[in-house]
Amino acid sequence: MFEDISKVVLLSDMDGTLLNSKKEISDTDKKAIERFMSLGGKFTIATGRTIHSFHHYYDMLELKMPLIMYNGAAIYDKVNDKVLFEQPLPSEAKRITEEILGVMPHIGGEVLKTDGIYVFRNSEYEELHTKLCMVTPYYKELDEISEGDWLKVLFAMAPEDIPFIELFAKRMGYDTVSFVKSSDIFYEMLPLGTTKGSALAQYRKLEGMEGYTFVATGDFDNDIEMLVEADLGVAPANAEETVKKVADLVLENTNETGAIAELIDIIIEKCSKNN
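My aim in this report is to walk through the structure given alongside it, one point at a time. Note that the structure is a prediction, hence the values are computed from the model and not measured.

1. Let's talk about the overall build of the protein chain
Secondary structure assignment for the protein chain yields 9 helices and 14 strands. The globule rule puts the C-alpha radius of gyration for 275 residues at 19 Å, and the 18 Å found for the protein chain is close to it. In terms of overall dimensions, the protein chain has a C-alpha envelope of 60 × 35 × 30 Å along the principal axes. The buried share of the protein chain, taken over its 275 residues, is 54%. For the protein chain, the proportion of contacts with a sequence separation of at least 24, taken over those separated by at least 6, is 59%. Summed over all atoms, the accessible surface of the protein chain reaches about 12200 Å², with 48% contributed by carbon and sulfur. Distance between charge centroids for the protein chain: 2 Å, based on 28 positive and 48 negative side chains.

Printed below as a string of structure tokens:
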């Protein structure tokens, strides 16, 4: 699998993996990425972020490869400004959102589309999300948000509210959408069966991606399927135990101490041994 570094794609999660607690990419990791790419390796991102909320990082990382975005609901080619794949939510998503808000009226929420973020219920946790993403959202009532192109719905709430929304969604038995916990305060509704892993399966089918080896790394529940789908699934030392259990490799470093740099060294060594 690692005969040729130019045929290796490294897919990295953002928060908790590539980014440290200050939401920055360390110089250690940035230099390692530059080295990896100078040797011919392909580096890209798999994130829950939107096209617009990732804007700050495009030039910083000089990404040439398509990105997995919206936690798997879309694959975006920044170079050509083109969405290569997208899986929108079904029409029932609006009704389901209303039902969740009916039992949890205090939580925040937003609809994410390719043209921006639409906040339908603001809260301190929702404001934290838009601040972290460094975006200016549209503020609209749920009924004012046009349907048909929703890629995901994000609910923002206190950590103690997460178990309740998980239980409610399970008891309601929604069978046209999927749900995933993407952080201690975020719970997301996605198209049925959509994960970073399902998007990676679609990525393999993109024109010109035949014969590539995919290495994926992530730290949280929404990364699990991606690590399983990858040829080599890797967890940083700070990853959730559920993620470490499915990973082929658990790194010694965390997102604070150069996990990506460690992984890149491992990939380069594997390729060197096969040459």
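2. Considerations on the sheet that holds strand β6 (residues 108-113)
Here 6 strands make up an open sheet; going across it, the order is β8-β7-β6-β9-β11-β10 and the pairing mixed. At either margin of the open sheet sits one strand with a lone partner, and together these are β8 (138-139) and β10 (177-181). Across the sheet, helix α4 (residues 124-133) is in contact with β6, β7 (116-121), β9 (152-156) and β11 (186-191); its angle to β6 comes to roughly 35 degrees.

3. A short note on the nonpolar core
In terms of nonpolar packing, the biggest core is built from 47 residues, with Leu18, Phe43, Ile45, Phe54, Leu61, Val215 and Ile267 touching the most fellow members. Here the element with the most residues in this core is helix α9 (residues 259-273); it accounts for 8 residues. Apart from residues no more than four positions distant in its own chain, Ile267 is found in contact with Phe2, Val8, Leu10, Phe36 and Val215. If you look at the next biggest cluster of nonpolar residues, it comprises 24 residues, including Leu89, Phe120, Leu142 and Met157.

4. Overview of helix α1 (residues 27-38)
The terminal C-alpha atoms of α1 lie 16 Å apart, and with 12 residues this matches the ideal 16 Å at 1.5 Å per residue to within 8%. On the buried face of α1, the contacting elements are β1 (8-12), β2 (42-45), α2 (55-61) and α9. Remark: Gly40 follows α1 within two positions and exhibits a positive phi of approximately 110 degrees.

5. Section: the pattern of salt bridges
In the structure shown here, the tally under the stated rule is 15 salt bridges. One salt bridge connects Asp15 with Arg49, and the closest N-O pair in it is separated by 2.9 Å. Residue Asp15 is found in the loop between β1 and α1, and its partner Arg49 is found in the loop between β2 and α2; the two are separated by 34 residues along the sequence. Residue Glu269 is joined to Lys273 by a salt bridge in which the shortest nitrogen-to-oxygen separation is 3.5 Å. One end of the pair is Glu269 and the other is Lys273, both in helix α9 and 4 residues apart, which spans about a single turn.

6. Here's the deal with the environment of Lys113
By the element assignment, Lys113 lies in strand β6. Put simply, Lys113 and Asp149 are 36 residues apart on the chain and 6.3 Å apart in space, counted from C-alpha to C-alpha. When neighbours within four sequence positions are excluded, Lys113 is seen to be in contact with Tyr70, Tyr118, Ile145, Ser146, Asp149, Trp150 and Leu151.

7. Notes on the packing of α1 against α9
Interhelical geometry of α1 versus α9 gives an angle of 25 degrees and a closest axis separation of 7 Å. One way to sum up the angle between α1 and α9 is to call them roughly parallel. Every pair of crossing elements has a handedness; the one defined by α1 and α9 is left-handed. Touching Thr28, Asp29, Ala32, Ile33, Arg35 and Phe36 of α1 are Ala259, Ile260, Ala261, Ile264, Asp265, Ile267 and Ile268, all from α9. The residue inventory of the contact of α1 with α9, partitioned by class, reads 9 nonpolar, 1 polar and 3 charged.

8. What to know about the sheet that holds β2
With parallel pairing, the 5 strands of this open sheet are ordered in space as β2-β1-β12-β13-β14. The open sheet terminates on both sides in strands that have one partner only, identified here as β2 and β14 (249-250). Bridge analysis of strand β12 (residues 213-217) against strand β13 (residues 232-235) gives 3 bridges, and the strand direction is parallel. In the strand pairing of β13, Ala216 is matched with Gly233. In this fold α1 packs onto β1 and β2, with an angle of close to 135 degrees to the strand it touches most, β2. Contacts between α9 and the sheet are confined to β1, β2, β12, β13 and β14, with β1 contributing the most and set at about 165 degrees to the helix.

9. Thoughts on the pairing of β11
By the criterion of burial, β11 is predominantly enclosed, with 6 of the 6 residues buried. Here 4 bridges tie β9 to β11, and the two strands are oriented antiparallel to one another. Of the residues in β11, the one forming a bridge with Ala156 is Phe186. In this structure, the hairpin formed by β10 and β11 is closed by a connection of 4 residues.

What counts and what doesn't
Residues numbered from 1 in each chain as written. Predicted model: local features only at pLDDT ≥ 70, side-chain atom pairs only at ≥ 80, totals over all residues. Heavy atoms only, no water. Helix = DSSP H or I, 4+ residues; strand = E, 2+ residues; numbered from the N terminus. Rg over C-alpha atoms; globule rule 2.2 N^0.38 Å. Buried < 20%, exposed > 50% of the residue type's maximum accessible area, 1.4 Å probe, protein only. Contact = heavy atoms within 4.5 Å. Areas by Shrake-Rupley, 256 points an atom, 1.4 Å probe, with all protein chains shown as cover. Lys, Arg positive; Asp, Glu negative; His and termini not counted. Charge placed at Lys NZ, Arg CZ, Asp CG, Glu CD. Pairing = 2+ DSSP bridges. Axes fitted to C-alpha atoms, helices over the stretch in contact; angles between N-to-C directions. Core = buried A, V, L, I, M, F, W, Y, C linked by side-chain atoms within 4.5 Å. Expected span 1.5 Å × (residues − 1). Salt bridge = Lys/Arg side-chain N within 4 Å of Asp/Glu carboxyl O. Parallel < 35°, antiparallel > 145°, perpendicular 65-115°, else oblique. Left-handed = near helix turned anticlockwise from the far one by under 90°. Nonpolar A, V, L, I, M, F, W, Y, C, P; charged D, E, K, R; others polar.

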